[in-house]
Structure formats: structure tokens, C-alpha cells
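Next come the chains, spelled out residue by residue.
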Amino acid sequence: MLTLDNLRLPDPTASVDEACVRHAVACSLFLERLFRRDETLMHAVLQNMHQPYLLADMQKFLVAQEITDEVILKRALRRLRSEVMARVIVRDLNGLADLHEVIQTTSQLAECVINTAIDYLSTWLVNRYGQPVDTEGCPQNLIVIGMGKLGGCELNVSSDIDLIFAYEAEGETQGDKPISNQDFFTRLAKRLIAAIDEITEDGFVFRVDMRLRPFGSEGALVSNLDALEDYYQNNGREWERYAWIKGREVTGGNAVAKLLRPFVFRKYLDFGAFASMRDLKIQIQRDVNSKRMHDNIKLVRGGIREIEFIAQVFQLIRGGQDVSLQIKPTLSVLALLKSKGLLTEKTVAELSDAYVFLRNLEHRLMYVEDAQTQELPKTDEAKARIAKAMNFANWSDFLAKLDAYRAQVQQHFDATFDEAGAGEDALAAEKSIWNGALAEVDAISSLQEIGFTDADETLRRLITLHQSSRYLQLPELSRQRFDAVMPHVISQSAKMQNADTTLTRVTDLLENICRRASYLALLAEHPQAMQLLVKLCSSSPWLANYLAQHPILLDELLDTRTLYAKPDFVAMRSELLSRLAEVEGDVERQMDVMRHFKHANVFRFAVQDINGELALEILSDYLSALADLILSVSLETIWPHVRGKHLDTPKFAVIGYGKLGGKELGYASDLDIIFLYNDDAPEAGEVYARFAQRINNWFNSLTSAGLLYETDLQLRPDGNSGLLVSSVAAFREYQLNKAWIWEHQAITRARFVAGDSAIATAFDAIRVEVMTHARDPVKLKAEVLSMRERMRHAQLKKSELFDLKQGLGGIIDVEFLVQYLVLLNAPKHAQLTANVGNIGLLKMLGSFEIIDAALAEKVAVAYRELRHRQHMLKLQGATQLGVELAPIAHHVKVVTLLWNRVFEIG
């Protein structure tokens, strides 16, 4: 039987549980002292060692204590700590508990102790001074914020707890001897610290460190929320931002976290965090070197702190944009970074394994003497004890494993925080050109040597930029980052075929974004992103301008896997809904989230397009599917907030016309849409009109994130003079009895886009009914030709160049041809009602021998080529669609030939 007398003696007859206790005692002198001080504790561990010590067990233990004063409170808290630690140590050292259980149990112990102590101490103080209230008479309570590992629910077994104390508002207590809230909570805080931190005959519970509070040791022990906000707004330092990533109210609530969220997590992508955290790490390393702490597994290269920094830098950069990254535990953050593609699966696996190993080692170092230490032992006896606790045969084997983990962590840390200056010696010429260190003739010669053809003009532009008020008025940090980026810009631009033009485009972009230091930091920290940026600007001035309008998209350059991935619209929908849910209740933020989502995906499509990876038809499909998705999610997001709504799910739908309906959207296309409803409720018309107006405003409003889409509602019944929404019945009546021929032409390309699927069915039936309605061929031909002529007269400008869209034999002629032939022949060939696009319909018309099949194929090829040239012109920033006729004359000729045959001209 295991007793105190044979605690350290080998016993081959001992039970497995007794052997576990002996192993733990051999690894922990602290545990042996606990057992020798209280033998019943050892027997309690033997009895319960296969069960984790739960929060409910801790609360039950304290409830059973007869706590009547501070002395008894302190004794109860310390005895609870002994019980919890004894079981945790035995379970951990014998593989019965993993790291998660150890840190969770320790964190729960701290929270239980803090809240129990507050309950008793506050009650005793209230009995003496009265309940503290604010000026409105609302009761006030002490708020305790756990920082560091307590805030992250990953507390060490023998760690300080970093606390900050607060209360909501000024006021005073309601009692015979009133005191200010500040005085009351200061007294309470001091008693709380003593209850937890003071060393008594029963030991201590946790060491309490209050140095993270505003103004550190010189600051007030407790602050009200106004004082907290004022401090961090006006005096908060960078390292305090990092500390507050883990900040969490352990007394419940989130008033402080909500108040300080803008301080910790910037609204924009904060790539300056790389340099700031790199500087902090350098300071720590200097401290390690000066104090000869080279065996400290937390602070040395490859230690715990480097893993935490890797996780935290992504939180600081992206946490303001992506609320899901505002979580606390390090391992959870790493897993999330993997799922978001910000770190590779291999990197996260190696960092997570290293973190678990290092944290387990940290605990075993602390188990020895219940000391807050991360130092490896010096003596052979102590080394053997740690090797045994870590389940290694000897110190050498253990150290080899430790060194391997530290080498991996150091490698990943260096890769994450890689200095952008690496290899800058090769940019000496470019730096001298930008800094004006060369004489003009030498600078021009250098520019010519590296690839610029118009070196004189390029140098003039660089000098003008360097002397511009915008550059000179930049804050010092932003100007330093601008100077760091420019040599790379010059070097990368010189490699492009249109070097001079590329440099102009990139510098114009940088001028637009330079006031946001974070964007310059992104490019300075990620040369590969700069390289890709230069390539894209070289290829397309439209894309360069798009980036200038939405610089947040620079972030997309960092992950080429996402940038070049085929879109998964189901996953994209889930992602958008999730992001909107994170900012539920904040309409402006939701509108910005949706705009950022749209811009990011358009940018990804454009990059793939410029790289030649997307056929025009596929690009149009992608852009149309994206618009469909956004319209669908918008309905779901806006409807719950429509005033007077009478249904949980609206009987309402969006119908797409024009390029949206025909799935031929371009990058800057408007959305031609109409709204239909099918609801007999008396208030339906008014409610859905309000809904439609909200949708229209949601899309067309210009926010800080730009425009979502421009919508065009002119194709609704009666155009701009008609109602904003139509019932399905009214829409059918209008189409069959009042609509013009051009409106029937338009409906050939219309389709259901979003909303009630029952309305989709009804609309499809109306559309087919309209398209298969027998028409007078002579009248139909006359109307179509008349409409085409009016359009050409209004929009075709005289020029020596051929207008791809409006010219004779151009894009619009093909579209009118198809629409006319469909309306004329659909009564006999219902298959022509299918919305398969102009190319598909041309081939179908040929197969039915309505037109010559060979000619139909040639016109389809011509249509594709004309659209492609139109698209390429827009990518080059063209505002006019005129081109030389000669290269496309054969395409124009076949379109004109089919036009003349169909309309019997010439």
C-alpha cells in the first residue's frame, strides 16, 4: 500500500495507480511536499486520478467550505489549488491528461478563485460601505480582465496571472458611510490580490502581476471605462496592442473588449504589424542575451514566444477585417490560419507539435518546485528528472528532440518575419536613382541599362514624385516605407516590355495609397507581392486603376493559391454569410463586407483573365454567378430589417435582363433587373416596394468600400414611370397586352436570378408564353429594324475606326439578329426559348435550317472575337470601342451577310 513512508521506494507489487503516483513524485518535489503536508490529498488523488478536475468540482469544493472571513477564504482557496494541482500533475505526468486539459483546468481554477473571492470580498465591503452605483443608480461591479495566458485560456500551472481591474462608471456607494466607486473598487482590488497572491502557511494560489494596467506600476489600480478608453486612445503603445489580443473579462461580460477592439484590431489590414513585432522580438532577444537566458525555452530563438508571435501577427494584421481571427488560444489561431490558407498545413502542423512539446516541457520544469521558470536545468540530477518527466531515456535524446523543434520554429518565424531588405544590395543602382544620389546623366544611363527606353522622361517622373508635396508630407514611417518600396518598383518595372509605362502606372497607384502606411508595409514586407503587382499593372491599366480604387485588394496578392483557384460558389456563399453574421446589426459594416467580397472575387477573376487562364465565356459565367450570389445573399440580409414585413420569407424575386440575364457580364457592367412578387396580402405591394427600394439603395450607395453594383430598373413594366415592383399577374398582363416589341426582345435574354423559386417557375412560364406568341412577320421585322436604326443613330459616332459594339456588322447587330429570329420562330421551335446565349442560339438556328448552318457558325465565331476584342480594350482602359477595321473585316463581313439575308436587304 502506498504511504508517505514508501512514497519514493520501488514496489513491484504496487498497483498501476500507485505506480503513477510514484512516477509523478519522482518528477515533482512540489507534489511530494503537498502529499507530506496532507496525506489525505494523496489518497484523494489515488481515488480520483482518472477523472479531470472540472470547474463544477472546484465550485462544489468551495461551497462546502464555511467561509466567514478573509483568513478562512484564503485557506479555502489555497487548499483548492493544492487539490487541483496534485491531480493535474499526476494526470499530466502519466499521460492521462493532454495539454488542453492541463491549461484549461488551470485557467478555470484561476477564474473560479477570482470570482469566488470577489463574491465574498464584495459582499463584506458592501455590508460596510453600501452598494456602489453610477449616477443613474445602476449597481456597479468589479470587472477583472485576464491578460496573457489566462485571457487565452492557456494558463501555465505555476504562472503569474496578469490582471487589469476596471468598473463601468463613476459614482459612490449607497450606505451610511458612502465612498466613491474608485475608492470602493480599489479597496476590493487590493483585498482580491491579497486573497490570491499572499503567501500564507497554506502557500499561495496565483502570483498576481498588475503591471499591464494603464501607466503600469505608476497607474491607478482600478480604472473606469472612460479612463481606460482615454488611455488606450491617447497613450496606448504597440506592445499593449499585442497584450490585448489575449485580453478577456474573466468576471463575465465583454464591455471592455468591445470598447478596446478598435485599438487592438485596426479596421484596415495592418501590415505594419510585421515590423513592429519584429522590433519587439529583437528587444526580447537583446534582453535574453544581456541576462544570459539562453536556456529559456520561452524567450530564446525557436521558443514558445516565437510561435505566439507568428499567430498574433496575423491576428493584428487581419483581425479588424476578419472577426473570426479575434479568438484567443494559440493552437486555435494556428488551426484557423491553416483553414484560411494564411499558413500552410505543414507549417501549422510543425508549429502546433512544437508548441505542445514546449508547453509540456514548460509545465514539467514548473512541476519540480512550483516555480515560474522556463529555464532548462543545470545539474545532472535535475536533467535526468526532466528527461524522465518528458518520457525520454536520457538527457541527450531529450535535447536532440528539443533542438529539432526549436530549429523548426526558428525557421518558420524567420520565414514569416523575413526582412524585406534581404538581397537589397542588388538594388544599389535603383536606390541611387530614387534617392537622387546620381548625377542626371548617370541616372539616365542607369535607367537605360536596366531596361527603360524613355529614360529621360522616366527620370523626370521619378524626380517629380520625389519632390511632390504628397511624398514630402507623408509621416516619417510612411516615407521610409515608400523609400523601401521604390527600388523594387523600379527594378521590377524595368523587366517588363513596356517598362516606362509600367513604372508610371505603379507609381500612380502608390501615390494613391501612400497615405495608408499599412499598404506600403505590405509591399515592403512581401517582395513577391510587389513583383506580381508590377506584372498586373504592366498588363492592364484598368486593373491598376481598380487596385487604386480598392487598395485592400493588395492583400489578395499574398496567396497565389487563392488568387488562381477555380471559384467554388457554394463555399463563397457560406463565407459571405459568415462574414455578414459577424457584423450583424451594423448595416454599414455589412455593406462594406459585401463590397470587399465582390471586389476581391472580381480581382481574382481579372488576374486569371490577364494570365490567359479564362476564356471570355467562362469569365462572363463567373461574373454573372457572382452577381447572382450577391443578389441572393442581399435579399436574405435586407428582408429581416424591412419595416412592416409580414412574412419570414418574402414571396419576392429578382429577374435579370441584359448582360446579367444572358450571362455576359463584364467587369464594369450594370445590373439590369426587375422585381416581381406573388403575394395576395393587402399590404404586399407597399412592403415589397419598400424592400425593392432598400435593395436598390444597398447596391448603389457609395460607401468607404466603394460601390457594389449600379442597377438599372428601366426594363420594368412602363419603364421609369412604372411601379418599382410588379405582381406576377400584373407582369404577365403587361407582357401579353402592353409591351413593345423591344421589350419582348429583352425578355429573350431574361432569367430568374434570386428569391422565391415559385416565382422563378411562374416567370419562366410567362417568358415562354411571350416568346412563343405568334407574331406578324412583317410588323416584327419593321419594329426590329426601326429600333436598331434608332439605336445606331443615337449611339454610333462618326469615326475612321470601327465601333465594335454599334458598327454595321458589330456586336449589337448579332444580338438583334438572334432576338428577331427567336421571336419569329419560337412558336414553331419551342427549344429556341432556352436561355443558352447568342452563340448557342445561333447554332440552334442553324440546326433547324432557319439560317445556313455554316454561316451561323461563322457568325458565332465573329461574335466571340468581337466580344473578346471589346473585352481586351476595356482591360487596357479604353473608353471608346473603336478599332482598325482591317484585322476584323472578315468577321464584320459575315455578320453583315447574315443581316442582309435575314432582313432581305440588298
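Here we summarise the structure given alongside this text. Quantities reported herein were computed from a predicted structural model and do not represent experimental measurements. (Residues numbered from 1 in each chain as written. Predicted model: local features only at pLDDT ≥ 70, side-chain atom pairs only at ≥ 80, totals over all residues. Heavy atoms only, no water.)

### Thoughts on the overall build of the protein
- Per the secondary structure count, the protein includes 40 helices and 14 strands.
- Along the first, second and third principal axes, the C-alpha atoms of the protein reach 115 × 80 × 65 Å.
- Relative to all contacts within the protein whose residues are 6 or more apart in sequence, the contacts with residues 24 or more apart total 72%.
- Per element, the accessible surface of the protein, about 39800 Å² overall, is 50% carbon and sulfur. (Helix = DSSP H or I, 4+ residues; strand = E, 2+ residues; numbered from the N terminus. Contact = heavy atoms within 4.5 Å. Areas by Shrake-Rupley, 256 points an atom, 1.4 Å probe, with all protein chains shown as cover.)

### A short note on the packing of aromatic side chains
- Using the criterion set out here, one finds 29 aromatic pairs in the structure.
- Relative to F185, the ring of Y167 has its centre 5.0 Å away and its plane inclined at 25 degrees; by these criteria the two rings are stacked. In this pair, Y167 sits in strand β3 (residues 160-167) while F185 sits in helix α8 (residues 181-197), placing the two residues 18 residues apart along the sequence.
- The exposure class assigned to F185 is buried, which follows from its relative accessible area of 1%. (Phe/Tyr/Trp six-rings, centres within 6.5 Å; stacked < 30°, edge-to-face > 60°. Buried < 20%, exposed > 50% of the residue type's maximum accessible area, 1.4 Å probe, protein only.)

### Points about empty space enclosed by the protein
- Tallying each qualifying case throughout the model produces three cavities of 30 Å³ or more.
- Lining the largest cavity are 14 residues, with T748, R749, G837, N838 and L841 positioned closest to its centre.
- Those elements that place two or more of their residues in the lining of the largest cavity are α37 (811-825) and α38 (837-847).
- Residues that form the lining of the largest cavity fall into these classes: five nonpolar, six polar and three charged. (1 Å grid on protein atoms, 1.4 Å probe; cavity = no way out; pocket = protein on both sides within 12 Å on 5 of 7 lines; lining within 4 Å. Points joined across faces, edges and corners; volume = space filled by probe spheres on them. Nonpolar A, V, L, I, M, F, W, Y, C, P; charged D, E, K, R; others polar.)

### Comments concerning the side chain of E154
- Within the secondary structure layout, E154 lies in the loop between α7 (148-151) and β3.
- For E154, the side chain forms a polar contact with the side chain of Y355, separated by 3.4 Å.
- Once residues lying within four places of it in the same chain are set aside, the contact partners of E154 are I103, S107, K149, K246, K328, P329, T330, Y355 and R359. (Polar contact = N/O pair within 3.5 Å; in protein donor to acceptor, adjacent residues only side chain to side chain.)

### A short note on helix α15 (residues 345-369)
- Here α15 contains 25 residues, and its C-alpha end-to-end distance of 37 Å stays within 8% of the 36 Å for a straight helix at 1.5 Å per residue.
- Counting buried positions along α15 gives 19 out of 25 residues, so the element sits mostly inside the fold.
- In the stretch just after α15, D370 is the one whose phi turns positive, near 55 degrees. (Expected span 1.5 Å × (residues − 1).)

### Re the pattern of salt bridges
- Following the criterion strictly, the structure yields 40 salt bridges and no others.
- A salt bridge links E101 to R91; the nearest nitrogen and oxygen atoms lie 2.7 Å apart. With E101 in helix α6 (residues 99-129) and R91 in helix α5 (residues 70-93), this residue pair connects regions lying ten residues apart in the sequence. (Salt bridge = Lys/Arg side-chain N within 4 Å of Asp/Glu carboxyl O.)

### Description of helix α29 (residues 587-610)
- A rise of 1.5 Å per residue sets the reference length of α29, with its 24 residues, at 34 Å; its end C-alpha atoms lie 35 Å apart and thus fit the reference within 8%.
- The element α29 is largely enclosed, with a buried count of 19 among its 24 residues.
- G612, located one to two residues past α29, shows a positive phi value of around 75 degrees.

By themselves these figures say nothing about function.
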